[in-house]
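# A look at the structure
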Amino acid sequence: MKDLVRQKLSIHVDVMDLLNKQIEKEAHSSSAYLAMASWCDHNALSYSADFFYEQAAEEREHMMKIFRYITDNGGTAFSPEVGGVNHDFKSLEEIFETALDQEIAITKSIHNLVGKCRKVNDYTTEYFLHWFIQEQMEEEQTMRRALELFDLMGTDGLGLKLLDERIPQIRDKRPE
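Residues numbered from 1 in each chain as written. Predicted model: local features only at pLDDT ≥ 70, side-chain atom pairs only at ≥ 80, totals over all residues. Heavy atoms only, no water.

Both trends apply: most residues other than glycine have a negative phi, and most peptide bonds are in trans. A positive phi angle, near 60 degrees, is found at Ala44, a position not held by glycine. For Ala44, the position within the fold is in the loop between α2 (13–42) and α3 (46–72). A positive phi angle, close to 60 degrees, is found at Asn121, a residue other than glycine. Tracing the sequence through the fold places Asn121 in the loop between α4 (92–119) and α5 (123–153). (Helix = DSSP H or I, 4+ residues; strand = E, 2+ residues; numbered from the N terminus.)

Rendered as structure tokens:
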């Protein structure tokens, strides 16, 4: 009897497959943010490095949240392999542009997941994903605010150093 209960999923199988793909994307994002943090550390941009270390940790938390959701609902979550992480950047501005592109891609992926949930009537997973929709709006806004600083302060010398010091404040201004 116990085995039969465990074989029943609360998650639609197609949605579970997409959730496992989302785990891969979140893991890749976490690794990409670590690479960005490393570049910032190497270039004496310590505030930006700390920002990206925190971003990496957040992405791992997102990955684990999905991982646990799958297992808690009778599914099988797969530990992702991560490859293809870029470590070569030309500037801090390029890093934030890359981060924004990455967040937009994650947002689109979450939206596709929600669309699939609606199509197969997986309302529980759709409800679970609402938190991610809000989180992605905030992540995109944070990256856009950072990019606005480059327009205001420049990308060289003292402007870059002052910009680096302002990076922690962009996270503090996210809406609750």
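What UniProt calls "binding site: Fe cation" (unreviewed entry) maps, in this numbering, to Glu26, Glu59, His62, Glu103 and Gln136. These annotated residues cover 111 residues of sequence, but their C-alpha atoms sit close together, with the largest distance between any two at 12.6 Å. As for its position among the elements, Glu103 is in helix α4. Given a relative accessible area of 0%, Glu103 falls into the buried group. Ignoring any residue separated from it by four or fewer positions in sequence, one finds Glu103 in contact with Tyr33, Gln55, Glu59, Gln136, Glu139, Glu140 and Met143. Polar contacts involving the side chain of Glu103 include one to the side chain of Tyr33, which spans 2.5 Å. Beyond its immediate chain neighbours, meaning those up to four positions away, Gln136 contacts Glu103, Ile106, Thr107 and Ile110. (UniProt positions renumbered as here; feature names shortened; annotations may be inferred. Buried < 20%, exposed > 50% of the residue type's maximum accessible area, 1.4 Å probe, protein only. Contact = heavy atoms within 4.5 Å. Polar contact = N/O pair within 3.5 Å; in protein donor to acceptor, adjacent residues only side chain to side chain.)

Take the pattern of salt bridges next. Opposite charge on two side chains allows them to pair when their charged atoms are near. Taken as a whole, this structure holds four salt bridges when the rule is applied. Between Asp14 and Lys116 there is a salt bridge, with the nearest N and O atoms lying 3.9 Å from each other. Here the residue Asp14 occupies a position in helix α2, and Lys116 occupies one in helix α4, the gap between them amounting to 102 residues. Two residues, Glu140 and Arg144, come together in a salt bridge whose shortest N-O distance is 3.1 Å. A residue pair is termed a helical-turn pair when its members lie 3 or 4 positions apart in one helix, as Glu140 and Arg144 do in helix α5 at four residues. The exposure class assigned to Arg144 is partly exposed, which follows from its relative accessible area of 36%. (Salt bridge = Lys/Arg side-chain N within 4 Å of Asp/Glu carboxyl O.)

Moving on, we get to the nonpolar core. Core analysis: the biggest nonpolar cluster contains 24 residues, and Cys40, Phe52, Leu92, Phe96 and Ile167 have the highest contact counts within it. Counting only elements with at least two residues in this core, the list comes to α2, α3, α4, α5 and α6 (157–172). Beyond its immediate chain neighbours, meaning those up to four positions away, Phe52 contacts Tyr33, Met36, Ala37, Cys40, Ile95, Phe96 and Ala99. Counting residues in each nonpolar core, the second largest holds 20 residues, with Val15, Met63, Ile106 and Leu113 among its members. (Core = buried A, V, L, I, M, F, W, Y, C linked by side-chain atoms within 4.5 Å.)

Okay, the packing of α2 against α3 next. With their axes 8 Å apart at the nearest point, α2 and α3 run at an angle of 165 degrees to one another. Considering the angle they form, α2 stands roughly antiparallel to α3. With respect to the hand of their crossing, α2 and α3 are arranged in left-handed fashion. (Axes fitted to C-alpha atoms, helices over the stretch in contact; angles between N-to-C directions. Parallel < 35°, antiparallel > 145°, perpendicular 65-115°, else oblique. Left-handed = near helix turned anticlockwise from the far one by under 90°.)

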